[in-house]
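Structural features, examined
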Amino acid sequence: MAAKKLNMRKRYELLTRGIGWETSYQKMDDVFPYDTFEGIKITDWDKWEDPFRLTMDAYWKFQAEKEKKLYAIIDSFAQNNGQTNLADASYLSAIKLFITGVTPLEYAAHHGFAHLGRHFRGEGARVACQMQAIDELRHAQTQIHTISHYNKHFTGLHDPFYQSDRVWYLSVPKSFGEDALSAGPFEFITSISFAFEYVLTNLLFVPFMSGAAYNGDMATTTFGFSAQSDESRHMTLGLEIIKFMLEQHEDNLPIIQGWIDKHFWRAYRVLALVSAMQDYMLTNTPMSWKEAWDIYFVENGGALFEDLGRYGLKMPKHHELATAEAEHLSHQVWSVFCALGNATGFHTFEPSDEKMDWLSEKYPNTFDKYYRPRFEHWKKQKEDGTFEYLASLPQLCQVCQIPMIFTEVKTDPMQLSFRNTKFKGDNYHFCSDGCKDIFENEPEKYVQAWLPVHQIFQGNCGGATIPEVLKWYKFEPEDGGDYFDSQDFRRWQEWHGKDEPAKTGSDN
Amino acid sequence: MSIEISAKSITPIRLSYGNLIERFGDKRPPSRYQEAAYDVQPTANFHYRPLWDKNHEIYDTSRTAIVMEDWYSFADPRQYYYGTYTIARSKQQEVAEHNYAFVDKRDLLEELPDDIKQSVRDILIPLRHIEWGANMNNCQIDCMGYGSTICSVAMFNAMDRLGMAQYITRIGLLLDGNETTTLDAAKKDWMEGPQWQGLRHAVEDMFVLEDWFELMVAQNFVLDGLLFPLFWDRFERKLSKNGGGTIAMLTEFMPQWYSETVRWTNALAKVTAAESKENKELLSTWLNKWVSRLCEAIEPVAVEAFGPEGTSELAEVKEELLARLGKQGLTI
Ligand SMILES: [Fe+2]
Ligand SMILES: [Fe+2]
Ligand SMILES: [Zn+2]
């Protein structure tokens, strides 16, 4: 018999649909108990269009090829002591933030997509989520392996997962991931696949992966490019799920808009940490945070939402504020890290003269006016031996958990932005209208937040003094503080045959 | 910068990540498997209770009655992390791809005796729904389970089951020249055929089990422990003896996969049972429940597959399973 030819689409459909069935010994609502409570109405799961038609055999084949190449490069990087070819050892602060802040989010994404991979009622959607679940596991594991060699030669990389559960600034990404994980499956996928991976992913990818390339970090660059084809599948899924939900029922629109508003702001606040990394930790920077924001959010994001306008979707609430903050964000975040640099797991440092000039050029309206004097002052204090780290712990925003450092950028950039609200007799503080809105929509959720500073005051973090808390964080004495006083710096100088400590690092 | 520094001249400041030094000491560097699998899952200071399960934290040891002092006592003997896993499977799929192409090109299924074809349609093709159920169940173990060593293996297992469901589907399509007659008939059998209802009922009951470790026992220890030897080994051999050797070319993946996979279920059974008397008792209770339930459910299919010997074939497979699990410390 002559076999009928099947096109890719039909073939894929036969290999993924109709394998599942309508259960009858147990109610479908008991088999899939979680996909209705959020109020999203799905009338026909079969309308789901598979965004990438990968059967398992093809998946194993492609992914195994990528893995072989990646590990070959990681191995040779380690063998050849590739870390000595970095632009500068101060660049490692970015990698330290990455493995403690981002890698745990990869595992969180793995966990969440496994949950959806089991609990979405539609077969096609389940398979798509499972593929992403295993991809995200890949990302967590390959990042651990890529950074393993750095951990052998630099400080601050030794206990990323333990620290992710405890350290004050790491509760920013952790609480973001757990916000999504604790939500229902449709909100989870809107948050991670759409708000994070579709709308904002380049703002994470460019600074870390192009940043790695600009700074001689072959290991991370290779990982990044290896993950890129996974990410493009994830982005496609993000767009597909939004369209699918919107096309299924008109009642879904306001719910989805609310989630986009919320998770855009939530994810954007996580990226505030990335902005500081991009503008300050990178020795050589591919582009400034502001430039990246303008291209990837204002332009590309704007076009995307214009396109989605036909579904009735609008730009996320408070996006104008995020754009207005772009000229301040990285400077404010890096300032607080420098001021608390005795309590960070990476090294802080004032920008080199060259870097300050670069910042002036990239931020003509703000850097010289507001931020340069601050860094020059600290630099001078360090030379005079009068510099002191902040003695008090900062107040954290109840939602994003970043210290209250953001300012009224639209009216008076020197004025701290401070919002609060009362819930059941208690007062809660927020860094912005965005975070306050999120709280007010779901106060029962956000009162539960494990706020690191509150926890320290309540005695849950190893003790009442900074050294006790740092010990509880498993920060070793050489992990934090100024780069130029660090073991990383001394070893770097040794490797390169310089015994004179340089005055300012980042230029070389 | 072009400074040549030989590998030997740089002394590392530490051997590995802190959690691995704590677990395995600092005598020699941990393996890539250990780096990837251990302690990655969050364990403390969760921010928000799940809206979909307010009685538990996002990761919560109390989603099973099994109690482990250290959920990382278990190690996968295959040492699978994503890289080793995908590379192993890609080799297997390469062989499978070759075999499918060969059978397809020469129309080898066409030449099979009709009764063999019918046996494949009646017995093997409906098993794709069981693999699909196993995919769901292993996803459930991953997302409700505890500890990244266990959960990551469940993820790999889930994807394997999807892969096998797809291989079985391809056999169905090959049998019909890409028409879905066989697949449709097998689905109808699965949904309505009296011989399959015990199994479908059991699988659907597994979908709603609350304890993920009980699900592990039901699906990965017992159901797989009965089905794979019975159908993907003994029944295959019966087909081959009767002129259906071609089928074995298309299903080579399954027995291979199974003999590899029992290594981790054995290891998991052993570690969990050895932990405490209570665990051991609990595992025995579950084992008892699911062995008798599933043997009963499989029997009509076994009889359809083997004729009257089906009962004794199943009984032998059951004895082998109990003997194997007995060696791991699990008894009925
Ligand atoms: Fe990822
Ligand atoms: Fe992703
Ligand atoms: Zn905030």
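A quick note: this is a predicted structure, and the numbers were derived from the prediction, not measured.

**Considerations on the coordination of the iron ion (ligand 2)**
Residues and elements named next belong to chain A. Donor atoms from the polypeptide that coordinate the iron ion (ligand 2) comprise Glu136 (OE), Glu197 (OE), Glu231 (OE) and His234 (ND1), at 2.2 to 2.5 Å from the metal. The site at the iron ion (ligand 2) holds four donor atoms, and with the angles between them running 64 to 171°, its shape is irregular. Mapped onto the sequence, the residues coordinating the iron ion (ligand 2) show the spacing E-x60-E-x33-E-x2-H. Between the two metals, the iron ion (ligand 2) and the iron ion (ligand 1), the spacing is 3.3 Å, and Glu136 donates to both. With a gap of 37 residues between them, Glu197 in helix H8 (residues 185–199) and His234 in helix H10 (residues 218–248) connect regions that are remote in the sequence. Judged on exposure class, the residue Glu197 and its partner His234 are both buried.

**A short note on the coordination of the zinc ion (ligand 3)**
Residue and element names in this part refer to chain A. Distances from the zinc ion (ligand 3) to its protein donors, Cys397 (SG), Cys400 (SG), Cys431 (SG) and Cys435 (SG), fall at 2.3 Å. Seen from the zinc ion (ligand 3), its four donor atoms lie at angles of 106 to 116°, and the figure they make is tetrahedral. Linear spacing of the donor residues for the zinc ion (ligand 3) on their chain is C-x2-C-x30-C-x3-C. With Cys400 in the loop between helix H16 (367–384) and strand E1 (407–408) and Cys431 in the loop between strand E4 (426–430) and helix H17 (433–441), this residue pair connects regions lying 31 residues apart in the sequence. Across this residue pair, the class does not change: Cys400 and Cys431 are buried.

**Some remarks on helix H7 (residues 171–181) of chain A**
When you tally the buried positions in H7 of chain A, you get eleven out of eleven residues, the bulk of the element. Contacts made by the buried residues of H7 of chain A are with helix H4 (92–119), helix H6 (160–164), H8, helix H11 (252–281), helix H18 (443–446) and helix H19 (452–457) of chain A.

**Description of the environment of Asp485 of chain A**
Inspection of the secondary structure puts Asp485 of chain A in the loop between helix H20 (466–472) and helix H21 (487–495). Between the C-alpha atoms of Asp485 of chain A and Thr348 of chain A, which are 137 residues apart in sequence, the distance is 10 Å.

**Quick word on the packing of helix H3 (residues 56–79) of chain A against helix H5 (residues 123–153) of chain A**
Residues and elements named next belong to chain A. The interhelical angle for the contact between H3 and H5, taken along N-to-C directions, is 10°, at an axis separation of 10 Å. Accordingly, the angle class assigned to the pair H3 and H5 is roughly parallel. Touching Met56, Tyr59, Gln63, Lys66, Glu67, Leu70, Tyr71, Ile74, Phe77 and Ala78 of H3 are Met131, Ile134, Asp135, Arg138, Gln141, Thr142, His145, Thr146, His149 and Tyr150, all from H5. Tallied by class, residues from the contact of H3 with H5 come to ten nonpolar, six polar and four charged.

**Digging into the interface of chain A and chain B**
Contact with chain A, which involves 106 residues of that partner, is made by 91 residues of chain B. In total, about 8,800 Å² of surface goes out of reach between chain A and chain B, with carbon and sulfur atoms giving 60% of it. Three residues stand out in chain A for area buried against chain B, namely Trp21, Tyr25 and Trp60 of chain A, and they jointly supply 11% of the buried area on that side. At the junction of chain A with chain B, the criterion picks out five salt bridges. Put simply, Glu22 of chain B and Lys474 of chain A hold a salt bridge, and the shortest N to O gap is 3.0 Å. At the boundary of chain A with chain B, the tally comes to 53 residue pairs in polar contact (both at pLDDT 80 or more). Residue classes in the side of chain A that touches chain B are distributed as 44 nonpolar, 35 polar and 27 charged.

**A short note on the confidence of the model for chain B**
For chain B, mean pLDDT is 96; residues scoring 70 or higher make up 98% of the total. This prediction of the complex comes with two scores: 0.96 for pTM and 0.97 for ipTM.

**Some points on the packing of aromatic side chains**
Inspection of the entire model under this criterion finds 67 aromatic pairs over all chains. Aromatic pair Tyr150 of chain A and Phe154 of chain A: ring centres 6.1 Å apart, planes at 55°, arrangement tilted. Phe154 of chain A shares its class with Tyr150 of chain A; the two are buried. With a centroid separation of 6.0 Å and 65° between ring planes, the pair formed by Trp190 of chain B and Trp196 of chain B is classed as edge-to-face. Residue classification places Trp190 of chain B among the buried residues on the basis of a relative accessible area of 0%. Trp196 of chain B sits in the buried class, given a relative accessible area of 0%. Three or more aromatic residues joined by ring pairs make a cluster, and in this case those are Tyr280, Trp334, Phe349, Phe367, Phe375, Trp378, Phe387, Tyr389, Tyr483, Phe484 and Phe489 of chain A.

Rules used throughout
- Residues numbered from 1 in each chain as written.
- Chains lettered and ligands numbered in written order.
- Predicted model: local features only at pLDDT ≥ 70, side-chain atom pairs only at ≥ 80, totals over all residues.
- Heavy atoms only, no water.
- Donors = N, O, S within 2.8 Å, 3.2 Å for Na, K, Ca; no water.
- Tetrahedral: all angles 85-135°; square planar, octahedral: opposite > 155°, others 65-115°.
- Helix = DSSP H or I, 4+ residues; strand = E, 2+ residues; numbered from the N terminus.
- Buried < 20%, exposed > 50% of the residue type's maximum accessible area, 1.4 Å probe, protein only.
- Contact = heavy atoms within 4.5 Å.
- Axes fitted to C-alpha atoms, helices over the stretch in contact; angles between N-to-C directions.
- Parallel < 35°, antiparallel > 145°, perpendicular 65-115°, else oblique.
- Nonpolar A, V, L, I, M, F, W, Y, C, P; charged D, E, K, R; others polar.
- Buried area = accessible area lost by both parts, 1.4 Å probe.
- Salt bridge = Lys/Arg side-chain N within 4 Å of Asp/Glu carboxyl O.
- Polar contact = N/O pair within 3.5 Å; in protein donor to acceptor, adjacent residues only side chain to side chain.
- pLDDT = per-residue confidence, 0-100.
- Phe/Tyr/Trp six-rings, centres within 6.5 Å; stacked < 30°, edge-to-face > 60°.

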